Amino acid sequence: MPRASTAFLFDLDGTLIDSVYQHVLAWKEALDREGVDLPVWKIHRKIGMSGGLFTNILLRETGLDITQERLARLRQYHAEAYGRFSREGTVHPLPGARELLDFLTGASIPWAIATSGRMETAGPNIAALGVDPAQVPVITRDLVRHAKPDPDLFIAAAERLGVDITQCLVIGDSIWDMLAAQRARSLGVGVLSGGYGQEELERAGAFRVYEDPADLLRHIDEVAARS
């Protein structure tokens, strides 16, 4: 098998964890509690970007006032609803996710996780992958100034690995991941497990698209440069 001269920077939800639709429903519940009536499909199209930017855009579309108090309540309601879904056991690693990470570790290929979620919602997912943040860099929204589609998360992850960001592959499931990869001057690799289509991901900058982590692992020689 090839060994990479690059590092892999992974998004979490929808890329390694099958949790996108739980996030959609959690945001729907949060918006309903706040009296904001939005269809589920509109919520899904914004999943993957920064939670603050996400709620700002959705509130702007409804014409409602965007106050810090309202944004804080929405984040709290979302975290509560998503935490309930996690405890109910509906959130799991995607097929091949653990195996892909194990392969990279075994091949001495550096990798990190960079997620727009805050640690309160990302923590259980990271644990489900068997990832120890003391051993593997995990960059959450709490640690950077701006989240996706800004490049801060991936730049911080590359810095933690000690790898030039231009030598990294960004693996993500949303157009926001691919836009952030371009802005970071990295190559973007898309997976379909978050609900975005192949053409959408390619238009946003993905140079390869796979079904899920298992499919990426089967084709790892297409993206992992030989040392």
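Residues numbered from 1 in each chain as written. Predicted model: local features only at pLDDT ≥ 70, side-chain atom pairs only at ≥ 80, totals over all residues. Heavy atoms only, no water.

Engineer: Before we go on, may I ask you to explain the pairing of strand β4 (residues 111–114) in this structure?
Structural biologist: Along any regular strand the residues' side chains alternate between the sheet's two faces. Residues Trp111 and Ile113 line one face of β4 and the alternating positions Ala112 and Ala114 line the opposite face, and both faces are buried. As paired elements, strand β1 (residues 7–10) and β4 share three bridges and run parallel to each other. When the sheet's bridge partners are listed, Leu9 is paired in β4 with Ala112. One ladder, built from two bridges, connects β4 with strand β5 (residues 138–139); its direction is parallel. In the strand pairing of β5, Ala114 is matched with Ile139. Running through helix α6 (residues 119–128), the crossover from β4 to the neighbouring parallel element β5 is right-handed. (Buried < 20%, exposed > 50% of the residue type's maximum accessible area, 1.4 Å probe, protein only. Helix = DSSP H or I, 4+ residues; strand = E, 2+ residues; numbered from the N terminus. Pairing = 2+ DSSP bridges. Right-handed = clockwise from strand over helix to strand, strands pointing away.)

Engineer: Help me out: how do you make sense of the packing of aromatic side chains in this one?
Structural biologist: Pairs of aromatic rings are described using the distance from one ring centre to the other and the angle between the two planes. Applying the stated rule across the entire model yields two aromatic pairs. On the numbers, 6.4 Å between centres and 80° between planes, the contact of Phe10 with Trp111 is edge-to-face. Here Trp111 lies in strand β4 and Phe10 lies in strand β1, a separation of 101 residues in the sequence. Three or more aromatic residues joined by ring pairs form one cluster here, namely Phe8, Phe10 and Trp111. (Phe/Tyr/Trp six-rings, centres within 6.5 Å; stacked < 30°, edge-to-face > 60°.)

Engineer: Mind showing me how you'd approach the side chain of Asp173 here?
Structural biologist: Within the secondary structure, Asp173 sits in the loop between β6 (168–172) and α8 (175–184). Separated by 2.9 Å, the side chains of Asp173 and Thr15 make a polar contact. With near-sequence residues (within four places) excluded, Asp173 lies in contact with Asp11, Asp13, Gly14, Thr15, Val20, Val191, Gly194, Tyr196 and Leu201. (Polar contact = N/O pair within 3.5 Å; in protein donor to acceptor, adjacent residues only side chain to side chain. Contact = heavy atoms within 4.5 Å.)

Engineer: Looking at this structure, how should I read helix α1 (residues 20–33)?
Structural biologist: Note on helix geometry: an α-helix contains 3.6 residues per turn, so any two residues three or four positions apart are oriented the same way. Counted at 1.5 Å a residue, the expected span for α1 with its 14 residues is 20 Å, and the 20 Å between its end C-alpha atoms agrees. Residue Gly35 follows α1 closely and has a positive phi angle near 80°. (Expected span 1.5 Å × (residues − 1).)

Engineer: Which parts of the structure should I look at to understand the confidence of the model for the protein chain?
Structural biologist: Reading fine detail from the predicted coordinates is not recommended where pLDDT is low. In this model, the protein chain carries an average pLDDT of 89, and 95% of its residues clear a pLDDT of 70 or more. Of all secondary-structure elements in the protein chain, the lowest mean pLDDT belongs to helix α3 (residues 51–62), at 72, while helix α10 (residues 213–218) reaches the highest, 98. Of the regions scoring below 50 in pLDDT, residues 1–5 engages in 15 contacts with residues more than four places distant in sequence or in other chains. (pLDDT = per-residue confidence, 0-100.)

Engineer: Is there a simple way to explain the sheet that holds strand β8 (residues 206–210) in this structure?
Structural biologist: Taken together, the six strands give an open sheet; going across it, the order is β5-β4-β1-β6-β7-β8, and neighbouring strands pair in parallel fashion. Unpaired on one side and paired on the other, β5 and β8 mark the two borders of the sheet. Sheet topology places β1 next to β6; four bridges connect them, and they run parallel. Looking across to β6, one finds that Leu9 is bridged to Val170. Packed onto the sheet, helix α7 (residues 152–161) meets β1, β4, β5 and β6 and runs at close to 150° relative to β4. (Axes fitted to C-alpha atoms, helices over the stretch in contact; angles between N-to-C directions.)

Engineer: I would appreciate a short explanation of unusual backbone geometry in the present structure.
Structural biologist: Across the chain, the bulk of peptide bonds are trans and the bulk of non-glycine residues have phi less than zero. Between Lys148 and Pro149 the backbone carries a cis peptide bond, its omega angle lying at 15°. Considering the arrangement of structural elements, one finds Pro149 in the loop between β5 and α7. Within the chain, Ser108 stands out as a residue other than glycine whose phi angle is a positive 60°. Mapped onto the secondary structure, Ser108 falls in the loop between α5 (97–106) and β4.

Engineer: Help me understand the pattern of salt bridges, please; the structure alone is not making it clear to me.
Structural biologist: Any two side chains of opposite charge can pair, so long as their charged atoms come close to each other. According to the stated counting rule, one finds 10 salt bridges in the structure shown. Its salt-bridge partner being Glu80, residue Arg33 comes within 3.0 Å of it at the nearest N-O pair. Linking Arg33 in helix α1 with Glu80 in helix α4 (residues 68–87), this pair joins segments that are 47 residues apart in sequence. The class for Arg33 is partly exposed, based on a relative accessible area of 47%. Here the salt bridges do not stand alone but share partners, grouping Asp11, Lys148 and Asp177 into one network. (Salt bridge = Lys/Arg side-chain N within 4 Å of Asp/Glu carboxyl O.)

Engineer: Quick question: what am I supposed to make of the pairing of β8 here?
Structural biologist: Relative to β8, strand β7 (residues 187–191) runs parallel, the two sharing four bridges. Among the inter-strand pairings, Val191 is bridged to a residue of β8, identified as Tyr210. Running through helix α9 (residues 198–203), the crossover from β7 to the neighbouring parallel element β8 is right-handed.

Engineer: How do you make sense of α8 when you look at a structure like this?
Structural biologist: Burial within α8 is extensive, with seven of its 10 residues counted as buried. Of all the residues in α8, the buried ones are Ile175, Trp176, Asp177, Met178, Ala180, Ala181 and Ala184. On its buried face, α8 sits against α7, β6, β7, α9 and β8. Arg185 lies just past α8 and shows a positive phi near 70°.

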